[in-house]
Amino acid sequence: MANLSIRVADDLLARFDAAAGNQGGRAPTLRRLMDQVAATAPAPVGRLPTRPSKLTVRLAAEDSAGLAREAAAMGLTPNGWAAALIRHRLHGRPTFRPPDGVALLAIQGEVRRIGVNVNQIARALNTAVMEGKVLDLEVAYLADLQAELRAHMSTLREAFEGNLAYWAVEL
């Protein structure tokens, strides 16, 4: 069952409570009003959209301050930080700080660029008859790209290992 939360002016709520008091209280009266309005609405077409489940956690002041501190250090909201921790524990998925995510996208772009270059060199080597210096230059360039690719892959591996270590929970 869904939970509805609304904000209303104090005087409106006081008048509604006075009227609802004779009809079983606030919640039953609101449900009846919603049923009446919904009865005139057309039936929904297709599946109803699914909404993320809501989780409420009550923390002691010290724990809440620790959560806020950790979330701020990661550049996340406390809810985002808690959700990232839960996703890691359930699915092993990492969550990166926003600047780290941007850096990882840049590395992905570089790896893609190197892959395109390697593909072009491989095609050239397969289709052209190259002799002597031209072939040596292409092979040397290919070796340079291989070294660059290894460096980027090592950086990615370190980023993921560091991230997974951060979210790991010691029991």
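Just above sits the structure.
What you see is a predicted model; the values in this text were computed from it and never measured. (Residues numbered from 1 in each chain as written. Predicted model: local features only at pLDDT ≥ 70, side-chain atom pairs only at ≥ 80, totals over all residues. Heavy atoms only, no water.)

Draft legend 1. Spotlight on the overall build of the protein. Secondary structure assignment for the protein yields 6 helices and 0 strands. Counting from the amino terminus, helix and strand elements in the protein follow one another as α-α-α-α-α-α. Counting across all 171 residues of the protein, residues that qualify as buried make up 13%. A separation threshold of at least 6 residues defines the contact pool for the protein, and within that pool the share at least 24 residues apart is 56%. Put simply, the protein shows about 13700 Å² of open surface, and 59% of that area lies on carbon and sulfur atoms. (Helix = DSSP H or I, 4+ residues; strand = E, 2+ residues; numbered from the N terminus. Buried < 20%, exposed > 50% of the residue type's maximum accessible area, 1.4 Å probe, protein only. Contact = heavy atoms within 4.5 Å. Areas by Shrake-Rupley, 256 points an atom, 1.4 Å probe, with all protein chains shown as cover.)

Draft legend 2. Up close: the pattern of salt bridges. Summed over the entire model, instances satisfying the criterion amount to 4 salt bridges. The salt bridge involving Glu 110 is made with Arg 113; its shortest N-O contact spans 2.9 Å. A residue pair is termed a helical-turn pair when its members lie 3 or 4 positions apart in one helix, as Glu 110 and Arg 113 do in helix H5 (residues 98-127) at 3 residues. With relative accessibility at 30%, the residue Glu 110 sits in the partly exposed group. Residues Glu 148 and Arg 113 are paired through a salt bridge, measuring 2.8 Å at the closest nitrogen-oxygen approach. (Salt bridge = Lys/Arg side-chain N within 4 Å of Asp/Glu carboxyl O.)

Draft legend 3. Expanded view of the nonpolar core. One finds Leu 67, Ala 71, Met 74, Trp 81, Ala 84 and Trp 167 forming the largest nonpolar core, which totals 6 residues. Considering every element that reaches this core, the biggest residue donor is helix H3 (residues 61-74), with 3 residues. Beyond its immediate sequence surroundings of up to four residues, Ala 71 is in contact with Leu 76, Thr 77, Pro 78 and Trp 81. (Core = buried A, V, L, I, M, F, W, Y, C linked by side-chain atoms within 4.5 Å.)

Draft legend 4. Focus on helix H4 (residues 78-91). An ideal rise of 1.5 Å per residue puts 20 Å on 14 residues; H4 measures up with 20 Å between its terminal C-alpha atoms. After H4 finishes, the residue Gly 92 shows a positive phi value of roughly 70°. (Expected span 1.5 Å × (residues − 1).)

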